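As a plain string of letters, each chain reads:
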Amino acid sequence: MSTSSSTAAEIDLKRYFLKIVFVVFGVLLICFSIFFFNHHENNKYIIETLGHEGSAEEGDALFKINCVGCHGITARGLVGPDLHSITQRLNDKEIIKQVTGGLTPPMPSFEIDPVNMSNLLKFLHSLE
Ligand code: HEC
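Note that the structure is predicted; figures quoted are calculated from it, not measured.

## A word on the packing of helix α5 (residues 92-101) against helix α6 (residues 114-125)
Moving on, step 1. Two elements in contact, α5 and α6, have axes separated by 11 Å at closest approach and are oriented at 120 degrees. Taken as axis vectors, α5 and α6 run oblique relative to one another. In this structure, α5 crosses over α6, and the sense of that crossing is right-handed. Contacts between α5 and α6 pair Asp92, Ile95, Ile96 and Val99 from the former with Met117, Leu120, Leu121 and Leu124 from the latter.
Moving on, step 2. Split into classes, the residues belonging to the contact of α5 with α6 amount to seven nonpolar, no polar and one charged.

## Quick word on the site of the ligand
Moving on, step 1. Near the ligand there are 20 residues, and of these Cys67, Cys70, Gly80, Thr104 and Met107 occur at the shortest range.
Moving on, step 2. For the shell around the ligand, the elements supplying multiple residues, two or more each, are α3 (68-71) and α5.
Moving on, step 3. Considered class by class, the residues forming the shell around the ligand number 14 nonpolar, six polar and no charged.

## Notes on the domain arrangement of the chain
Reports of interface size often rely on the accessible area that becomes lost once the parts have come together.
Moving on, step 1. As assigned here, the chain comprises domain 1 (1-51) and domain 2 (54-128).
Moving on, step 2. Here domain 1 and domain 2 have C-alpha centroids that lie 42 Å from each other.
Moving on, step 3. Of the residues lining the interface, five residues belong to domain 1; the matching set on domain 2 comes to six residues.
Moving on, step 4. Its residues assigned to classes, the side of domain 1 that touches domain 2 comprises three nonpolar, one polar and one charged.

Cut-offs used in this document
- Residues numbered from 1 in each chain as written.
- Predicted model: local features only at pLDDT ≥ 70, side-chain atom pairs only at ≥ 80, totals over all residues.
- Axes fitted to C-alpha atoms, helices over the stretch in contact; angles between N-to-C directions.
- Helix = DSSP H or I, 4+ residues; strand = E, 2+ residues; numbered from the N terminus.
- Parallel < 35°, antiparallel > 145°, perpendicular 65-115°, else oblique.
- Left-handed = near helix turned anticlockwise from the far one by under 90°.
- Contact = placed C-beta atoms within 7 Å.
- Nonpolar A, V, L, I, M, F, W, Y, C, P; charged D, E, K, R; others polar.
- Near = placed C-beta within 6 Å.
- Domains from an automatic or database assignment.

What follows is the structure, encoded as structure tokens:
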């Protein structure tokens, strides 16, 4: 008698642990998919931007409208830092994040479409 009741308890325990394993697995799966989804979303903009050739002249015009107030008319720096040889210190992805992210106030985040972002990148590459 006592053997069969302990077996039932064992089965209960196994079911309990199995449930926990399923719950933990489910939560991990949700976390991973959220991470992957966000990661994928962020990259879409960057991939599209890097897919364009970009035009330094167009980028120059954009720079004169949006950036010279802080980075200076020759991009030698004012409120914001000198941007010459910036492309040797930051990679394209980091520059895109700098311009669109708004992570370093007082520099604002710019809502800029991929074509114009690639133009700006091309311009910054021409500042070497
Ligand atoms: C309101 C002022 C302001 C404007 C407008 C502005 N920036 Fe900035 N920017 C800054 C400041 C300040 C920093 C330094 C932030 C820090 O590192 O804390 C900076 C940093 C940067 C950096 C990184 C420099 C480094 O050495 O790491 C890049 C690249 C940059 N800006 C590009 C741009 C571009 C391109 C534009 C126009 C689309 C722009 N910024 C417009 C103020 C500005």
